[in-house]
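Secondary and tertiary structure notes
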Amino acid sequence: MKRSVKILCSAAAVSFMLTMPTSCKKSFLDENAITQLTTEDFKTTFGLDGLSIGMYQGLRFHFNYEWAYATTNYGTDEFTVGGDRTEQMFNSYDANLTTLNGDVATVWDNMYGNINSANILIENVPLYYDGANKNTRLGEGYFMRGFDYFKLVKQFGGVPLKLKASLTIEEEFTRASAQQVYEQIIGDLTQAYNLLPATPAERGRITKWAAAHFLAKVYLFRASEINSDWNASTKQADLTKAIQLCDEIINTSGRTLATNFSDLWNFTTVDGPNETNAEIILAAEFSNNTATQGRYGNQAHLWYPSLYQNQPGMVRDLAGGREFQRLRSTDYALDVYDRVNDSRFWKSFKTRYISNNAANLPKWPAGHPQAGQNKFSVGQESILYIVNNAGDTRYTTASIALRAPTMYVRYFAGQPENLLGNHGNFSTSQYVTMSKFLDGSRNTVASQFGQRDGILARLGETYLIAAEAQGRLGNYAAALPYLNKLRDRAAYKEGEDRAAYVDGGIAYRTNPATSPTANTSYSDRNTYYESNNLPTTTTSSTLTNLRLNGVGDILNSTREFYSRVGAGSDADKFLAFILNERSRELMGEFMRWEDLARTRTLVARATAFNDEAKPIAPKHLLRPIPQTSYLDLVKKNGSPLTPAEKQEVQNPGW
């Protein structure tokens, strides 16, 4: 029974391993356990150092198991359910999403467990800590408490505020309002900002810039539509403070945008260039030390890949990933990009696979000049996804058959090839895979635990927070420099080799020949257009920048889906644009449901772009308060809550 973790946060919740460094790589996390802490140890400098390490382990929670993606990516405009429907209730919002849902409870339990650790640190460091790191440890406690309460308020709204450590069983709690929780979060993160160093003593430790980033984000969330019934008096000041904090990070933190968007995602090795990139403000750190891995290895690589191991010439391998098929990209996820000029699409998605299995290579059929011979060899392209637009008539049953690789194409309602079936048509198991989190570092093909870090905050989002805050203040022109900084980075550069990106590969290339017809012979099988007719290497004559030359480029745009999401006013259009730009920059980075809920755009956008999602407001703008972790355990005046009292405590509609 997890009673102490669920609502009472007893000392058992913080019985982390006391550890000692064993290497210079991620030294404060990559360690060997030597003994367990007791509450008395938390009255020593050594014990409090160990407790702070345990809290960092809690950051890994956000990249593990079903709750990580189900509560953040499902049921939105970006992703829907793939071939595995284990957590479909978070996408469809059907009757299986209830107050008894285990993943909702897990989020609740783990946030309160880490909050209790933070409370001990906040209480004990001023009394018992002796050393130069005293302010840092206290700042870490305030940061973690604010960070975890921010997660809770985004998911549940108002929650109980537990600001003292629980060392014995406690059973009586009341929910604070969302307004009160936000006030507490702002107080905690402000304390963290004032106490934490600008430069960490050890790589991976929290800095004042991480506190500043999340404090700016908290101000933006508090000023958002979900809080409109009480935030009028604080909104303008909150947005102004968000901009000030973002500007400070941008101008004085030493953080810089990655030169190439792909630099953030091209994982090569633990502690490699992508993990030490100056754009990263805070990451949940993972390592290749399996002895201290525990139950947390980065599992984000599992959830996005579509099925490839059953295709001709293919077998599951480390590079391709283990295909859990949970997060299927929607048409919106593909079409929100300018795929000709915005490199972020091709650096975020995987459109081709290379053959790795000689045992099941496909043969050309009878009638082909090379009948009976292999269509391709190991090391050549075996699967190709064409990201075509509606109305594109080039990809037919006949023309696809002329190509050596297995090809998948989007077909749209009303088009003549719309009923091609599994071959040649995107499906629940065949779709364009998000490639940001692919992880070839795993020990075996079947291993679920990856070793790459999980990014929790990066400068790219800092720019977007500032831009949104400016727009919410009506300063649309002032938002442009922030947006253009990201769009300048996103645009292809002169001399950039489009074919070099492992995630897009051949989809960058041009075949200048004419499109095939149903009568094209097999000998002409290579004369067809890719989905984007782009030169392999960019030159000044082939580049089109993505810069916004004025506010009119936002408000008068014809490619931002304004009519589909009901955006008519300038304010609504700007918000829709920002949400689209957040997709282009942050696609799949475990933020989307919270963004759509806080802007009250969840229903409109999920309904417009996710065929299965059926959210209703206000019910699905918050998760249910978990029954087993709270409602069935908490007491009032010594007695369990009555059904009526439970309903009074519960979120609307649940």
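Now for a description of the structure that goes with this document. Computed from a prediction, not measured in an experiment: that's the story for all the values here. (Residues numbered from 1 in each chain as written. Predicted model: local features only at pLDDT ≥ 70, side-chain atom pairs only at ≥ 80, totals over all residues. Heavy atoms only, no water.)

1. Quick notes on the pattern of salt bridges
The criterion, for reference: Salt bridges, as used here, are contacts in which a Lys or Arg side-chain nitrogen is within 4 Å of a carboxyl oxygen on Asp or Glu. Secondary structure elements follow DSSP: runs of H or I of four or more residues count as helices, runs of E of two or more count as strands, with numbering from the N terminus. Under the scheme applied here, a residue whose accessible area is under 20% of the maximum for its type counts as buried, over 50% as exposed, and between as partly exposed, the area being computed with a 1.4 Å probe on protein chains only.
This structure, assessed with the given rule, holds 47 salt bridges. One salt bridge connects lysine 436 with glutamate 589, and the closest N-O pair in it is separated by 2.7 Å. In this pair, lysine 436 is assigned in the loop between β11 (433-434) and β12 (454-458) and glutamate 589 in the loop between α16 (570-586) and α17 (592-598), connecting sequence segments 153 residues apart. Two residues, aspartate 595 and arginine 582, come together in a salt bridge whose shortest N-O distance is 2.8 Å. Residue aspartate 595 is found in helix α17, and its partner arginine 582 is found in helix α16; the two are separated by 13 residues along the sequence. Each member of the pair, aspartate 595 together with arginine 582, is buried. When salt bridges with common partners are traced through the structure, they connect Glu279, Asp342, Arg344, Lys436, Arg458, Arg487, Arg489, Glu560, Glu581, Arg584, Glu585 and Glu589 into a single cluster.

2. Points about the layout of surface pockets
The test is simple: Using protein atoms alone on a 1 Å grid, points that fit a 1.4 Å probe yet trap it form a cavity, whereas open point sets bounded by protein on both sides within 12 Å along at least five of seven lines form a pocket; residues with an atom within 4 Å of a point count as lining. Grid points are joined across faces, edges and corners, and a volume is the space filled by probe spheres set on the points. Residues are grouped as follows: nonpolar covers Ala, Val, Leu, Ile, Met, Phe, Trp, Tyr, Cys and Pro; charged covers Asp, Glu, Lys and Arg; every other residue, Gly included, is treated as polar.
In this model, the second largest pocket occupies a volume close to 590 Å³. Around the second largest pocket, the lining comprises 23 residues; the ones closest to its centre are Arg328, Ser329, Thr330, Asp331 and Asp611. When residues of the lining of the second largest pocket are traced back to their parent elements, those giving at least two are β5 (327-329), α10 (331-335) and α18 (602-609). Ranked by residue count, the leading element in the lining of the second largest pocket is α10, at three residues. Tallied by class, the residues present in the lining of the second largest pocket amount to eight nonpolar, eight polar and seven charged.

3. Some details on the packing of aromatic side chains
This is how the line gets drawn: Aromatic rings from Phe, Tyr and Trp, taking only the six-membered ring of Trp, are treated as a pair when their centres fall within 6.5 Å; an angle between ring planes under 30 degrees marks them as stacked, one over 60 as edge-to-face, and anything in between as tilted. We count a charge as sitting over a ring when the NZ of a lysine or the CZ of an arginine lies within 6 Å of the ring centre and within 35 degrees of the ring normal.
Scanning the entire structure with this criterion turns up 35 aromatic pairs. Measuring from centroid to centroid gives 5.4 Å for tyrosine 308 and tyrosine 353, while their planes differ by 25°, and the two rings are stacked. With tyrosine 308 in the loop between β4 (280-284) and β5 and tyrosine 353 in strand β7 (residues 352-354), this residue pair connects regions lying 45 residues apart in the sequence. Like tyrosine 308, the residue tyrosine 353 is buried in the burial classification. An aromatic cluster is built from Phe63, Tyr69, Tyr74, Phe79, Phe261, Trp265, Trp303, Tyr304, Phe437 and Phe590, whose rings are joined through pairwise contacts. Its guanidinium or amino end placed over the ring of phenylalanine 221, lysine 154 lies 5.8 Å from that ring's centre, counting from NZ or CZ. Here lysine 619 stacks its cationic end above the ring of tryptophan 654, 4.5 Å away from the centre of that ring.

4. Examining the packing of helix α13 (residues 459-472) against α16
Each pair of packed helices gets described by two things: the angle between the helix axes and the distance between those axes. What counts is decided by this rule: Helix axes are fitted only over the stretch in contact, all axes being lines through C-alpha atoms; the angle between N-to-C directions runs from 0 to 180 degrees. We call two directions roughly parallel when the angle between them is under 35 degrees, roughly antiparallel when it is over 145, roughly perpendicular when it lies between 65 and 115, and oblique otherwise. Contacts: residue pairs with any heavy atoms within 4.5 Å of one another.
Where α13 meets α16, the closest approach of the two axes is 10 Å, and the angle between their N-to-C directions is 180°. Between α13 and α16, the crossing angle belongs to the class labelled roughly antiparallel. On α16, the residues that touch Gly460, Glu461, Leu464, Ile465, Ala467, Glu468, Gly471 and Arg472 of α13 are Phe574, Leu575, Ile578, Glu581, Arg582, Glu585 and Leu586. Across the contact of α13 with α16, the residue classes tally to seven nonpolar, two polar and six charged.

5. What about the nonpolar core?
Counted only if it meets this: Side-chain atoms within 4.5 Å link the members of a nonpolar core, which is a set of buried Ala, Val, Leu, Ile, Met, Phe, Trp, Tyr and Cys residues.
Counting residues in each nonpolar core, the largest one holds 164 residues, and the members touching the most others are Phe143, Leu152, Leu282, Trp303, Phe349 and Ile554. Those residues in contact with leucine 282, other than ones at most four positions away along the chain, are Leu59, Phe143, Ile206, Ala210, Phe214, Ile455, Leu456 and Ala457. Among the nonpolar cores identified, the runner-up in size contains seven residues, and Ile386, Ile400, Met407 and Val409 belong to it.

6. Focus on the pairing of β12
Cut-off, in case you're wondering: Following DSSP output, two strands are said to pair if at least two bridges run between them.
The buried fraction of β12 is high, at five of five residues. Across four bridges, β4 lies against β12 in antiparallel orientation. Bridging across to β12, alanine 283 finds its partner in isoleucine 455.

7. Quick look at helix α2 (residues 45-59)
Heads up, the rule is: One less than the residue count of a helix, multiplied by 1.5 Å, gives the span that helix is expected to have.
Compared with the 21 Å implied by 1.5 Å per residue over 15 residues, the 22 Å span of α2 between its first and last C-alpha is a close match. For α2, every residue scored as buried is listed here: Gly47, Leu48, Gly50, Leu51, Ser52, Ile53, Gly54, Met55, Tyr56 and Leu59.

8. Topic: unusual backbone geometry
Residue proline 618 is bonded to the preceding alanine 617 through a cis peptide linkage, with omega at 0°. When you line up the elements, proline 618 lands in the loop between α18 and α19 (627-631). Backbone geometry at phenylalanine 561 places phi at a positive 65°, although glycine is not the residue there. The topology assignment puts phenylalanine 561 in the loop between α15 (552-555) and α16. Unlike most non-glycine residues, arginine 600 shows phi in positive territory, near 55°. Tracing the sequence through the fold places arginine 600 in the loop between α17 and α18.

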